[in-house]
Amino acid sequence: MSGDDSMIADSARIFLSRIGGVARARKLRDSGMAFDAGAWNEMAKLGWFGLVVPEEAGGLGLGGHELVALMEALGAQLAGEPVGESIAASVLLSRAEGLSSLLEEVIAGSAIVASVLDASFKLAGGRVRGASRPVVNLAQATHALIEITGENGAVYVVPLKSAGVELRTQATVDGRTVSELHLDLSSEVLSRIEMQNVSLALGNVQAVARLAAAAYLVGLADAAFAIALEYLKTRKQFGVAIGSFQALQHRAATVFVRIASVRALISECARTFGTERLDAASAAAACAASAMALQVTKECIQFHGAIGFADEHDIGLYLRRAMSTIASIGDAGSCLDAFSKAASVGTEKISSTA
Amino acid sequence: MSGDDSMIADSARIFLSRIGGVARARKLRDSGMAFDAGAWNEMAKLGWFGLVVPEEAGGLGLGGHELVALMEALGAQLAGEPVGESIAASVLLSRAEGLSSLLEEVIAGSAIVASVLDASFKLAGGRVRGASRPVVNLAQATHALIEITGENGAVYVVPLKSAGVELRTQATVDGRTVSELHLDLSSEVLSRIEMQNVSLALGNVQAVARLAAAAYLVGLADAAFAIALEYLKTRKQFGVAIGSFQALQHRAATVFVRIASVRALISECARTFGTERLDAASAAAACAASAMALQVTKECIQFHGAIGFADEHDIGLYLRRAMSTIASIGDAGSCLDAFSKAASVGTEKISSTA
Amino acid sequence: MIRPETAQETAFRAEVRSWFEANLQQHLRNLTFRPAPKESMAWYGALYENGWIAPHWPKSFGGMGASAEEQVILFEESARIGAPDIPTQGLNHIGPLLMKLGTPRQQAFHLPRILSGEGVWCQGYSEPGSGSDLASVQTRGEVRGGEIVINGQKIWTTWGHHANWMYALVRAIPGEKKKNGITFVLLDMNTKGITRRPIRTIAGDDEFCEVFFDDVAVPLSNVVGEVDQGWRVATSLLDEERIRIGTPLLPLRALARLRAVMKHNGLSNDREWQRRLARSEIAVETVTAAYFQCLERFETGNAAGGESSYLKILATEVTQDIVDLVQEAAGPLRAVKVPSAGSDARVDFSEMYLQSRRLSIYGGSNEIQRSILAAQVLGLQGARR
Amino acid sequence: MIRPETAQETAFRAEVRSWFEANLQQHLRNLTFRPAPKESMAWYGALYENGWIAPHWPKSFGGMGASAEEQVILFEESARIGAPDIPTQGLNHIGPLLMKLGTPRQQAFHLPRILSGEGVWCQGYSEPGSGSDLASVQTRGEVRGGEIVINGQKIWTTWGHHANWMYALVRAIPGEKKKNGITFVLLDMNTKGITRRPIRTIAGDDEFCEVFFDDVAVPLSNVVGEVDQGWRVATSLLDEERIRIGTPLLPLRALARLRAVMKHNGLSNDREWQRRLARSEIAVETVTAAYFQCLERFETGNAAGGESSYLKILATEVTQDIVDLVQEAAGPLRAVKVPSAGSDARVDFSEMYLQSRRLSIYGGSNEIQRSILAAQVLGLQGARR
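Residues numbered from 1 in each chain as written. Chains lettered and ligands numbered in written order. Predicted model: local features only at pLDDT ≥ 70, side-chain atom pairs only at ≥ 80, totals over all residues. Heavy atoms only, no water.

Participant: Explain the overall build of chain A to me, using residue names and the numbers behind them.
Facilitator: Along its length, chain A carries eleven helices and ten strands. A compact globule built from 354 residues should have a C-alpha radius of gyration of about 20 Å, and chain A, at 21 Å, falls within 12% of that. Considering only C-alpha atoms, chain A reaches an extent of 75 × 50 × 35 Å along its principal axes. Residues counted as buried form 61% of the 354 residues belonging to chain A. For chain A, long-range pairs separated by at least 24 residues make up 71% of all intrachain contacts whose partners lie at least 6 apart in sequence. Carbon and sulfur atoms form 51% of the exposed surface of chain A, whose accessible area is close to 12,400 Å². (Helix = DSSP H or I, 4+ residues; strand = E, 2+ residues; numbered from the N terminus. Rg over C-alpha atoms; globule rule 2.2 N^0.38 Å. Buried < 20%, exposed > 50% of the residue type's maximum accessible area, 1.4 Å probe, protein only. Contact = heavy atoms within 4.5 Å. Areas by Shrake-Rupley, 256 points an atom, 1.4 Å probe, with all protein chains shown as cover.)

This is how it looks when you write it as structure tokens:
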């Protein structure tokens, strides 16, 4: 990292530590509060939700590296707020017409716009009906971006306080929530988004969300491994530090290789921010980071032995948060399909050897 | 093992050692001779090709356990002759009408009947035409069992010396061969097999061949591991036996678990010989043994370091023979599909928890 | 199971299945968490009344004396109907140990109570400083007159807060680190001086607890074997214990969850997922086969010491592999905490996945089991840890 | 590569592609074995004439001074057209070492010859008793007057029978086992007293040879660094060497073979196989990313010692994973020895799979690399091997 990204990472690290770090994630989970409004407002003040919004539209005008740096810092301290989701939505809002006030609210933190793309909403007889697949953190959103397919298909903003909006919400293992969005309401409540090639822009929202989630997972895995490494160095069994056992050393080396290589991949993906390659790159990042984060956090629990399986130890929080973050990406199969599709239909192919 | 199976295993082990053991496999490969006629005739005298043929039909009248014991012994010494294939064909021949003289020849070793099931042969205008997928050891066969689909579909025996029979043969990495069977000949050359439910019997041939190949792979993997274990105990690096390194110990333990568990599975499968469960059981055995054998033989090469990668050391022969044996089973996907199908359509389900 | 059933076994399976259908209450089916003993006791008692609570115990001690095949049929049918987990420390661990090494009085008192469910047991082996290294027990047990007086602490005591009896290792001279000087005692958990603190797990349940001993006086008649000779007692049945951990029950349950999630998410007819399911089914059959083989080898005295470690590794890792697939099949629902309770049976997306982390840790971590295999079965010497 | 290309890089890629198409002879494309140097020398020479033979060498030594991106473009285009493997011991190992530690005379003599292909090198490190344990070198090198006289044996010398120069480690006092006392020498393979015996590999080619030294006299001017100080010389560029082993070239080639076998066996449109291919492509992008990162960290001096071990592990294991898929996709053809030479490009079913066994063994086994990472990067002390 160099420059803006390391500044963002440092300030995020300091801020997140100040407001409680990993202990905050535990406290929020235990209190059944999925959302820390105070923290959210402070994050807004730091400019995070406008991170990649052009300066002329009120944002910080930064790019992929800064997004990755911020998300890694959030993952390292298990901050569960929908920061990645907000940033992803801002990418579309800042390009659409007539949505500048909503964008301002997003940047200010007073609106949270979720992207609900894996869904089947239909417009017929002036009413919008349909349901989505489960979406992580949707319960915190004030608005949803949805796509209506079929005739008169378009992208719309739905205020979630409207009558006819129903969220079917379930708790996740880490204190977040996941919700299906059920709609049965008049189309007049929706605002149609006016912009060129809105479907492409919507794909871009998903790509940014995927890249953000992948970076979050790298930060999370890296922090979990730091804890496990410390444990390997200090915990003794049979009279010696367990980190002196070669079998564990080699497995720790494997964990290092997994984290370091996926981090390198995501750094490459960050470079594609704002280019056509982002679709393929973010799908690759999400696939690689998901598999890596599960493998790493499970192995870190195993390194801890019984204490790793106790809720009172932090190490288990990392696996559980990895689970909900991966849930936000969808399933591995569709992510691989997305990669194949994006890597082969883009005007520039990702791999020129294909 | 107890009784007939251990007798078969002991006599096979002694016989195979006497005729040269693993060194024979190497010699055959180096000489470009895929087939050792002398050994084959001696195997016939031991009664192997009639192992599971009823005594009244001239066989030994033994069953699944003896088949597994024999095939494990063959695998352990890398005997590459088509013993499993011959035994599989004998199962059908001994039930069909009018084929007793061919069966006699098979038992005597003067005929070798290959089962060429993965193929598309058609009968039209009095001619049989079509081609098969590649079949291991087919070049050694004197006859092929084929199934003709469509109208007048039936199972036939094709003498491979006939005009209009073409084998497209390629060498394999271990000195065997693999051949496509291409047919374009008058149907009068073929003998139609008369028996009830011949398709079922054909499935049974494939099942017996799969079980035989799986047992061969277990014997092969076990023998490879014995060599590797000896190497781990004697080879020194950094002044100590490499088998004292914990990382290698744990991996050796994993290899042990893999071999022992698949051997246990195959022993269960042997019990299904002659029952409807054999289809599902043999598919399971083949899938499990294939994956196990590759993992084990690769790991055994790795345990050896550079010498494991040299042709002059025997350990590499085990991986290469595993490859051709797995090739004889087909591909993993179809084997899994066969398991799913057999386990769910049989009158008794394999797993009663489904 | 792949092993063909005899007519008698098929009849037994049919009997088990219909009896389970008739006797297992609906609300106890397809639970994902292990219910607390008081909740599952109705089921435990029903099995007891029917003579099926201890399939692997000999008839002479009140068990069912079941064949290996009957045991597997019971596992398969339990997984099929989604029967709840029941306390097993008595049935699988201390019961068999007392049969072998207990005094006639200990046997007469405890064995019937284990069978009836009156005696619920926990194991007091692990301590804060000794997870994998059992021989480093520090809890002190001092003989004073006819009693042994215990001070110290145990941890990771599975179900310690539900148990009314504990079997534990204590040592006369604390600080000494060796295998002699350890005493194996049976403790009534209602004895004065015992405090328990439940430990919540990452799966959200209270699987474990900590147990503190403050001058807990236990009559010497509750010592198994001789005072100071407890190490031999504790290790005499390690193989038996690992075989009980390595039954196909857990992998079968994991498979049931995989099928349920695949069905819930519309993957039952997806070829890729069917193949993954087939691969998992084959892996479970491998566990069943290995279980049969181990039982037979131990019964006929053909097993190498430590060979049972292989079963523990196999069964736990197959289970973990299958729940990995459960997670993947769950897709966007993978983190959902509470199993869905729709019109269908409960569908668990995350619980067994999280619970299964312990499988490679408890009962002697899989690292320890691999070291045992390497040293005792493979003869790889000079273990440099 | 995922990294977006500059207009200049895109132009470079186009130039490389069309130059490769125009200059790489058809019979040298999609070879599966590494051709002997004399066969590939036409291609080597063409690259040399065009200034592309040593992308990573600085211009001051006659290299191309290519950027990391240009290097990756060259790898990708090489894999795309199926360019043959060329000798790399000179370009990747002894060349960079001489640039750093050679005398001006050594540099002036050898570097141009490496570039032109006149000097083909092999590495004389491994000995029968010392595979992973380099410091236990036993080959004797005795200083007599202005010469160092060598007796002993090397083994696993990659392409030793094709090379005309060797760089080797020898020691003054045999039997002594430590890191000093080792001398780093450059040997003309035509010197009297050298005998070579090729070693056939499990993939059927002569990848290695044994080299025997019988009173081989080498002028002292061929010592790199000081006599007895060779250990420092040999280890000074270990990181650089591991980075050269860890390029994306091998994984890219594996990917090309996977695509070819999928196409040959009708799997290109099978969804399950498309997903496996996608997963492999992503894994290769991970290697490319790690390669970029390592180059940058080493160039800017931000790398920990031993960090390059991670690249070696990653690139070799990704390659092995992909060739596992090649085997599975090959199905009944998986054991076919000679690549099919149909109307299409050659399709290799088994060769790279077998050849790839060495990847986790050579260049310091992956076990050694893991131990290095654990000790040097992760700080896990008291390595108990």
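Participant: Can you explain the overall build of chain C? Please cite residues and give values.
Facilitator: Of the regular secondary structure elements, chain C holds twelve helices and eight strands. The globule rule puts the C-alpha radius of gyration for 385 residues at 21 Å, and the 21 Å found for chain C is close to it. Taking the principal axes of its C-alpha atoms as reference, chain C extends roughly 70 × 50 × 40 Å. Across the 385 residues in chain C, those meeting the buried criterion constitute 60%. Taken as a whole, chain C presents about 14,100 Å² of accessible surface, with 49% of it coming from carbon and sulfur. Measuring between centres, the 43 positive side-chain charges of chain C sit 3 Å from its 44 negative side-chain charges. (Lys, Arg positive; Asp, Glu negative; His and termini not counted. Charge placed at Lys NZ, Arg CZ, Asp CG, Glu CD.)

Participant: I'd like to hear about helix α6 (residues 100–108) of chain A, residue by residue, with values.
Facilitator: Residues and elements named next belong to chain A. Among the residues of α6, L102, L103, V106 and I107 are the ones counted as buried. Down the axis of α6, the smallest arc covering the buried residues is 140°, so these residues share one side. Summarising the contacts, the buried residues of α6 are in contact with α3 (37–45), α5 (83–93), β1 (113–124), β4 (143–149) and β5 (154–159). Directly after α6, the chain includes G109, whose backbone phi takes a positive value near 85°. (Arc of directions from axis to C-beta.)

Participant: Pulling in residues and values, what's your account of unusual backbone geometry?
Facilitator: You will see that B:F238, though not glycine, has its phi angle at about 55°, which is positive. Among the structural elements, B:F238 can be located in the loop between β9 (236–237) and β10 (240–241). Positive phi values are uncommon outside glycine, yet C:W159 reaches one of about 60°. By the element assignment, C:W159 lies in the loop between β3 (147–158) and β4 (165–171).

Participant: Now, about the environment of D:L295: what can you tell me, with residues and values included?
Facilitator: Residues and elements named next belong to chain D. Relative to the assigned elements, L295 resides in helix α9 (residues 271–299). Taking the C-alpha atoms as reference, L295 lies 25 Å from H110; in sequence the two are 185 residues apart. Beyond its immediate chain neighbours, meaning those up to four positions away, L295 contacts A68, Q71, I243 and R244.

Participant: Let's hear about the nonpolar core: which residues, and what values?
Facilitator: Membership of the largest hydrophobic core comes to 495 residues, with the highest contact counts inside it found for A:I146, B:I146, C:F184 and D:F184. Discounting residues that sit within four places of it in the chain, A:I146 has contacts with A:V116, A:F121, A:V128, A:A154, A:V155, A:Y156, A:V158, A:L181, A:L183 and A:L190. (Core = buried A, V, L, I, M, F, W, Y, C linked by side-chain atoms within 4.5 Å.)

Participant: Provide a residue-level description of the domain arrangement of chain C, including the pertinent values.
Facilitator: Residue and element names in this part refer to chain C. Partitioning chain C into domains gives domain 1 (7–86), domain 2 (121–229) and domain 3 (246–376). Computed over C-alpha atoms only, the centres of domain 2 and domain 3 are separated by 31 Å. Contacts between the two partners involve five residues from domain 2, matched on the other side by seven residues from domain 3. Taking both sides of the interface into account, the surface hidden between domain 2 and domain 3 amounts to around 540 Å²; carbon and sulfur atoms contribute 62%. For the salt bridge of R358 with E207, the shortest nitrogen-to-oxygen distance reads 2.2 Å. At the boundary of domain 2 and domain 3, one finds one residue pair in polar contact (both at pLDDT 80 or more). Grouping the constituent residues of the side of domain 2 that touches domain 3 by class yields two nonpolar, one polar and two charged. (Domains from an automatic or database assignment. Buried area = accessible area lost by both parts, 1.4 Å probe. Salt bridge = Lys/Arg side-chain N within 4 Å of Asp/Glu carboxyl O. Polar contact = N/O pair within 3.5 Å; in protein donor to acceptor, adjacent residues only side chain to side chain. Nonpolar A, V, L, I, M, F, W, Y, C, P; charged D, E, K, R; others polar.)

Participant: Help me get a handle on the interface of chain B and chain D, residues and values and all.
Facilitator: Chain B puts 41 residues into the contact, and the matching count from chain D is 37 residues. Of the roughly 3,300 Å² buried between chain B and chain D, counting both surfaces, carbon and sulfur atoms make up 63%. Contact with chain D buries surface across chain B, with B:F238, B:Q302 and B:F309 losing the most and accounting together for 24% of the total. Close ionic contact of D:R197 with B:E312 constitutes a salt bridge, the shortest N to O distance being 3.6 Å. In this assembly, chain B and chain D are joined by ten residue pairs in polar contact (both at pLDDT 80 or more). For the side of chain B that touches chain D, the secondary-structure elements that each account for two or more residues are α2 (21–31), β6 (165–171), β9, α8 (246–270), α9 (278–304) and α10 (315–329) of chain B. Looking at the side of chain B that touches chain D, its residues break down into 18 nonpolar, twelve polar and eleven charged.

Participant: Give me the lowdown on the confidence of the model for chain C, citing residues and values where you can.
Facilitator: In the predicted model, chain C carries a mean pLDDT of 92, and the fraction of residues at 70 or more is 96%. Two numbers describe this predicted complex: its pTM, 0.96, and its ipTM, 0.95. (pLDDT = per-residue confidence, 0-100.)

Participant: Which residues make up the pattern of salt bridges, and what are the values?
Facilitator: Opposite charge on two side chains permits pairing when their charged atoms draw close. In the structure shown here, the tally under the stated rule is 100 salt bridges over all chains. The partner of D:R271 in a salt bridge is C:D270, with the nearest N and O atoms 2.9 Å apart. One end of the pair, D:R271, is in helix α9; the other, C:D270, is in the loop between α8 (249–264) and α9 (271–299), on a second chain. For C:D270, a relative accessible area of 16% corresponds to the buried category. D:R13 is the partner of D:E5 in a salt bridge, and the nearest nitrogen-oxygen pair spans 2.6 Å. With a relative accessible area of 14%, D:E5 lands in the buried category. Assessed through its relative accessible area of 5%, D:R13 is described here as buried.

Participant: Give me the packing of aromatic side chains: which residues, what numbers.
Facilitator: Residue and element names in this part refer to chain C. Scanning the entire structure with this criterion turns up 36 aromatic pairs over all chains. Grouping aromatic residues by their ring pairs yields a cluster made of F109, W121, Y125, W165, Y167 and F184. Over the face of the ring belonging to W159 we find R34, whose NZ or CZ atom lies 4.0 Å from the ring centre. (Phe/Tyr/Trp six-rings, centres within 6.5 Å; stacked < 30°, edge-to-face > 60°. Lys NZ or Arg CZ within 6 Å of the ring centre and 35° of its normal.)

Participant: So what's going on with the interface of chain D and chain A? Which residues, and what values?
Facilitator: One widely used convention gives an interface's size as the accessible area the parts lose upon coming together. Opposite the 43 residues of chain D that make contact, chain A presents 41 residues. Summing both partners gives a buried area of about 3,700 Å² for chain D against chain A, and 64% of it is carried by carbon and sulfur. Between chain D and chain A we count two salt bridges in total. The tally of links between chain D and chain A comes to ten residue pairs in polar contact (both at pLDDT 80 or more). For the side of chain D that touches chain A, the secondary structure elements donating two or more residues are α1 (7–23), α3 (68–81), α8 (249–264), α9, α10 (308–330) and α12 (366–377) of chain D. It is α9(D) that provides the largest number of residues to the side of chain D that touches chain A, a total of 14 residues. Of the residues contributing to the side of chain D that touches chain A, the split by class is 18 nonpolar, seven polar and 18 charged.

Participant: Before we move on, could you go through the packing of helix α7 (residues 198–234) of chain B against α10(B) and cite the residues and values that matter?
Facilitator: Residue and element names in this part refer to chain B. Where α7 meets α10, the closest approach of the two axes is 10 Å, and the angle between their N-to-C directions is 165°. Put simply, α7 runs roughly antiparallel to α10. Helix-helix and strand crossings are classified by hand; for α7 and α10 the assignment is left-handed. Along its contact with α7, which presents R210, A213, Y216, L217, L220, A223, A224 and I227, the element α10 presents I315, Y318, R321, A322, T325, I326, S328 and I329. Taken together, the residues that form the contact of α7 with α10 break down as twelve nonpolar, two polar and two charged. (Axes fitted to C-alpha atoms, helices over the stretch in contact; angles between N-to-C directions. Parallel < 35°, antiparallel > 145°, perpendicular 65-115°, else oblique. Left-handed = near helix turned anticlockwise from the far one by under 90°.)

Participant: Kindly report on the environment of B:A76, identifying the contributing residues and their values.
Facilitator: Residue and element names in this part refer to chain B. Here A76 shows up in helix α4 (residues 64–76). Its relative accessible area of 24% is what places A76 among the partly exposed residues. C-alpha separation for the pair A76 and F121, spaced 45 residues apart in sequence, amounts to 36 Å. Once residues lying within four places of it in the same chain are set aside, the contact partners of A76 are V22, G219, L220, A223 and Y318.

Participant: Describe the side chain of C:R13, listing the residues and the values that go with them.
Facilitator: Along the chain, the position of C:R13 falls in helix α1 (residues 7–23). Engagement of the side chain of C:R13 in a polar contact is seen with the side chain of C:E77, the distance being 2.8 Å.

Participant: Summarise a nonpolar patch on the surface; cite the residues concerned and give the values.
Facilitator: Taken together, C:V143, C:L220 and C:V227 make up a surface patch of nonpolar side chains, about 190 Å² in accessible area. Looking at the element boundaries, C:V227 is found in the loop between β8 (223–224) and α6 (230–236). (Patch = residues over 30% accessible without salt bridge, like charges linked within 9 Å, V, L, I, M, F, W, Y side chains within 5 Å.)

Participant: Tell me what's going on with the state of the cysteines, and back it up with residues and numbers.
Facilitator: Joining two cysteines, a disulfide is a covalent bond between their sulfur atoms. In the structure shown here, the tally under the stated rule is zero disulfides over all chains. In this model B:C287 remains outside any disulfide bridge; the closest cysteine sulfur is found in B:C335, 3.5 Å from its own. C:C209 provides the cysteine sulfur closest to C:C122, a residue in no disulfide bond, and the two sulfurs are 6.6 Å apart. (Disulfide = S-S within 2.5 Å.)

Participant: A description of helix α10 (residues 308–330) of chain C should follow, citing residues and the corresponding values.
Facilitator: Owing to its 3.6 residues per turn, the α-helix aligns residues three or four sequence positions apart on the same side. Between its first and last C-alpha atoms α10(C) spans 33 Å; for 23 residues at 1.5 Å apiece the expected length is 33 Å, and the two agree. Most of α10(C) is tucked away: 19 of the 23 residues are buried. (Expected span 1.5 Å × (residues − 1).)

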